[in-house]
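Listed below, chain by chain, are the residues.
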Amino acid sequence: MQKPAKKWLMASIHLVGKNDPDLISHACFEAGAAGCEEREALVIAWFPEQNAAALQQHLNEYLQRLYSAALIDAVPHISLTVVEEQDWHSGWRRFFKPILVSDVFCVRPPWEKSPKQVAHEIVIEPKQAFGTGNHATTWLLLSRIAELGDDLPLRALDVGTGSGILAIAHALRRPESRITACDIDPVAIENARENLEINRVEKQVSLFVGSLQACGESPFPLIYANLQSHIILPDLEKFMQLASNGGLILFSGILAEEEDKMRRALGDFPCELCEIIRRDEWIAMTVRKNA
Ligand code: SAH
């Protein structure tokens, strides 16, 4: 056991496919975790406070190696949260506080109230799926949805919907819209379905288990992709095919130091990088496919 630190980094590792939780816990201990908990479809690992971006990268590289060695069949998604030491045994609920996105959205668990009046409250039941709003990568795209407002198109695609949060935000902000949302993780789709119902947007969003490859041929004027760069890059061509001419792709889940790599890869396609927004060590890119 390491010397107690004042703060901890809590890594939530969302298992996908047939990931063996023991193997993932082992990877966390190798990376310096002081403790691990296995839950259904989730491994939670506690690390002494350190540089979150470096830890994220280290864990990703380790998991990527397990994937290359065919020891896991998919690379799980990692989210990191800083936790005060005194809170860490007082229960899961303590980690979920309402998150505000200007005065447009408040993302909250069912047991919390919005601290101020906002245009739309998004209620997310925290379960295994990624997307409770407290991660910078989700927040960045929520802020774009808030900003786009009435300019949001009537059709959109949410690739890697997790808890369904972005699809819900789009549906609430543009009530007549229809969104297609997919995730390769069936547990995420189950959680998303529950959240759609809580937020009463189930008629606007169609969910399916699958990846970009299963999204058909008919192009979308807006695509959300809060995925990591190692998932986005090999599929860039498919993203471009699925965007309508002049349509937007909002990429998130990209580390600031990956900006150049993303820019270079985008350079191979007929598109324009319109905007980059930043929060913590993360960036989100708004890309417009040429008309
Ligand atoms: N959209 C949510 C969740 C993002 S986490 C948010 O913004 O908070 C990324 C999600 O993508 C995870 O639920 C993961 O299971 C899923 N995922 C990973 N690779 C994928 C792929 N190739 N196709 C579709 N979903 C994928």
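## Observations regarding helix α4 (residues 165-173)
So, point 1. Judged by how many residues are buried, α4 sits mostly within the fold: 8 of 9 residues are covered.
So, point 2. Within α4, burial applies to Ile165, Leu166, Ala167, Ile168, Ala169, His170, Ala171 and Leu172.

## Some points on the sheet that holds strand β4 (residues 77-84)
So, point 1. Strand order in the open sheet made by the 4 strands is β2-β3-β1-β4, with antiparallel pairing throughout. Since the sheet does not close on itself, it has two edges, and those belong to β2 (35-39) and β4, each with one partner. For this sheet, the mean inter-axis angle between neighbouring strands, taken without regard to orientation, is 20 degrees.
So, point 2. Here β2 pairs with strand β3 (residues 42-48) via 5 bridges, running antiparallel. Paired with Gly35 across the strands is Trp46, a residue of β3.
So, point 3. Where helix α1 (residues 21-30) meets the sheet, its contacts fall on β1 (7-14), β2 and β3, and the angle it forms with β2 comes to roughly 160 degrees.

## Brief notes about the packing of aromatic side chains
So, point 1. Under the counting rule described, the total for this entry stands at 1 aromatic pair.
So, point 2. Look at Phe239 and Phe251: their rings are 5.2 Å apart centre to centre, the planes differ by 85 degrees, and that puts the pair in the edge-to-face class. You can see Phe239 sitting in helix α7 (residues 236-242) and its partner Phe251 sitting in strand β12 (residues 243-255), a full 12 residues away along the chain.
So, point 3. By relative accessible area, which is 1% here, Phe239 ends up buried.
So, point 4. Over the aromatic face of Trp139 sits the side chain of Arg279, whose NZ or CZ is 3.8 Å from the ring centroid.

## So, the site of the ligand
So, point 1. Around the ligand sit 19 residues in total, of which Gly131, Thr138, Gly160, Asp183 and Asn226 are the nearest.
So, point 2. In the model, an oxygen atom of the ligand is placed 2.7 Å from a nitrogen or oxygen of the Thr138 side chain.
So, point 3. Take Asp183: an N or O atom from its side chain is 2.6 Å from an oxygen atom of the ligand.
So, point 4. Compared with its free state, where it exposes 570 Å², the ligand has 94% of that area covered by protein.

So, how was this worked out
- Residues numbered from 1 in each chain as written.
- Predicted model: local features only at pLDDT ≥ 70, side-chain atom pairs only at ≥ 80, totals over all residues.
- Heavy atoms only, no water.
- Buried < 20%, exposed > 50% of the residue type's maximum accessible area, 1.4 Å probe, protein only.
- Helix = DSSP H or I, 4+ residues; strand = E, 2+ residues; numbered from the N terminus.
- Pairing = 2+ DSSP bridges.
- Axes fitted to C-alpha atoms, helices over the stretch in contact; angles between N-to-C directions.
- Contact = heavy atoms within 4.5 Å.
- Phe/Tyr/Trp six-rings, centres within 6.5 Å; stacked < 30°, edge-to-face > 60°.
- Lys NZ or Arg CZ within 6 Å of the ring centre and 35° of its normal.
- Near = heavy atom within 4 Å.
- Polar contact = N/O pair within 3.5 Å; in protein donor to acceptor, adjacent residues only side chain to side chain.
- Areas by Shrake-Rupley, 256 points an atom, 1.4 Å probe, with all protein chains shown as cover.

None of the figures reported here should be taken as evidence of function without further support.
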